[in-house]
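Structural description and commentary
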Amino acid sequence: MRRSDREIKDHNQIRQVLDVIKTCRLAMVDGGMPYVIPLSFGYALEDGVLSVYFHSAKDGRKIDVLRENSSVCFEMSTEGEAVFDEATPCDYGYYFSSVIGFGNVEFVEEFAEKAQALSILTKHQAGIEYKFSEAQTDTVCVFKVVTPDFTGKLKPGRHGPHGHRPA
């Protein structure tokens, strides 16, 4: 990371960043070309290992690509207020927080793990506890990236740690 002064090393602070983000951009390789898609996600962060869970239809381009090549990069970020100084327009930007990581997709097939992953995703996205039945889990594809290879970055704003004005 070039700007080590903005690196987030504390995992509790990374959790705070992840808790406000609802969309993860997942980058993969499709026949030698980059392919990136936005996805809803849930996560667990334990002992320096980040597990990011996704769900989707059971088939389609994304699933075909991931079954062919499981290597991925993911990016999640918030975008806060703009930073603009008329005297130095090249310094224009935004306050932000982000998490970026690398790993391999693993498809979750076993019912208990799949149901738990869907519950984690639902808790993160909607803030509700939900227990999924086997019939419900059978209707979707669930996959995850489990990795110790991730970094957090923060450029805090005047209105809070993620650059957002308080609600």
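Look a little higher up for the structure.
Structural notes, computed from the coordinates. The shown structure was predicted, so the numbers you read here are calculated from the model rather than taken from an experiment. (Residues numbered from 1 in each chain as written. Predicted model: local features only at pLDDT ≥ 70, side-chain atom pairs only at ≥ 80, totals over all residues. Heavy atoms only, no water.)

1. Brief notes about the environment of His55
For His55, the location among the structural elements is in strand β5 (residues 49-56). When its relative accessible area of 33% is taken as the criterion, His55 is described as partly exposed. As a C-alpha pair, His55 and Lys114 span 59 residues in sequence and 9.5 Å in three-dimensional space. Non-local contacts of His55, meaning those with residues more than four positions away in its chain, are made with Leu118, Leu121, Val140, Cys141 and Val142. (Helix = DSSP H or I, 4+ residues; strand = E, 2+ residues; numbered from the N terminus. Buried < 20%, exposed > 50% of the residue type's maximum accessible area, 1.4 Å probe, protein only. Contact = heavy atoms within 4.5 Å.)

2. Looking at the environment of Asn104
Take Asn104: it is sitting in strand β7 (residues 93-108). Its relative accessible area of 39% is what places Asn104 among the partly exposed residues. The spatial distance from the C-alpha of Asn104 to the C-alpha of Val72 is 5.7 Å, given a sequence separation of 32 residues. Those residues in contact with Asn104 that lie beyond four places of it in its chain are Ser70, Ser71, Lys144, Val145 and Val146. Of the polar contacts made by the side chain of Asn104, one reaches the side chain of Ser70; its length is 3.2 Å. At 3.2 Å, the side chain of Asn104 and the side chain of Ser71 are in polar contact. (Polar contact = N/O pair within 3.5 Å; in protein donor to acceptor, adjacent residues only side chain to side chain.)

3. Quick notes on helix α1 (residues 11-20)
Taken together, the buried positions of α1 are Ile14, Val17 and Leu18. Buried residues of α1, seen end-on, are gathered within an arc of 95° and therefore sit on one face of the element. (Arc of directions from axis to C-beta.)

4. Quick look at the pairing of strand β8 (residues 141-147)
Most of β8 is tucked away, with 6 of its 7 residues classed as buried. In this structure, β5 lies alongside β8, joined through 7 bridges in antiparallel fashion. Bridging across to β8, His55 finds its partner in Val142. (Pairing = 2+ DSSP bridges.)

5. As for the side chain of Ser56
Topologically, Ser56 is positioned in strand β5. Setting aside residues no more than four positions away along its own chain, Ser56 makes contact with Lys62, Ile63, Val140, Cys141 and Phe143.

6. Things to note about the packing of aromatic side chains
Considering all chains together, one arrives at 3 aromatic pairs under this definition. Between Phe54 and Phe143 the ring centres are 5.3 Å apart and the planes differ by 25°, which places this aromatic pair in the stacked class. Within this pair, whereas Phe54 is found in strand β5, its partner Phe143 is found in strand β8, the two being separated by 89 residues in sequence. By relative accessible area, which is 1% here, Phe54 ends up buried. An angle of 55° between the planes, with centres 5.9 Å apart, marks the rings of Phe107 and Phe143 as tilted. Placement of Phe107 in strand β7 and of Phe143 in strand β8 is noted, with a sequence separation of 36 residues between them. What links up through ring pairs into an aromatic cluster is the set Phe54, Phe107 and Phe143. Stacked on the ring of Phe107, the Lys or Arg Arg67 has its end atom at 3.9 Å from the ring centre. (Phe/Tyr/Trp six-rings, centres within 6.5 Å; stacked < 30°, edge-to-face > 60°. Lys NZ or Arg CZ within 6 Å of the ring centre and 35° of its normal.)

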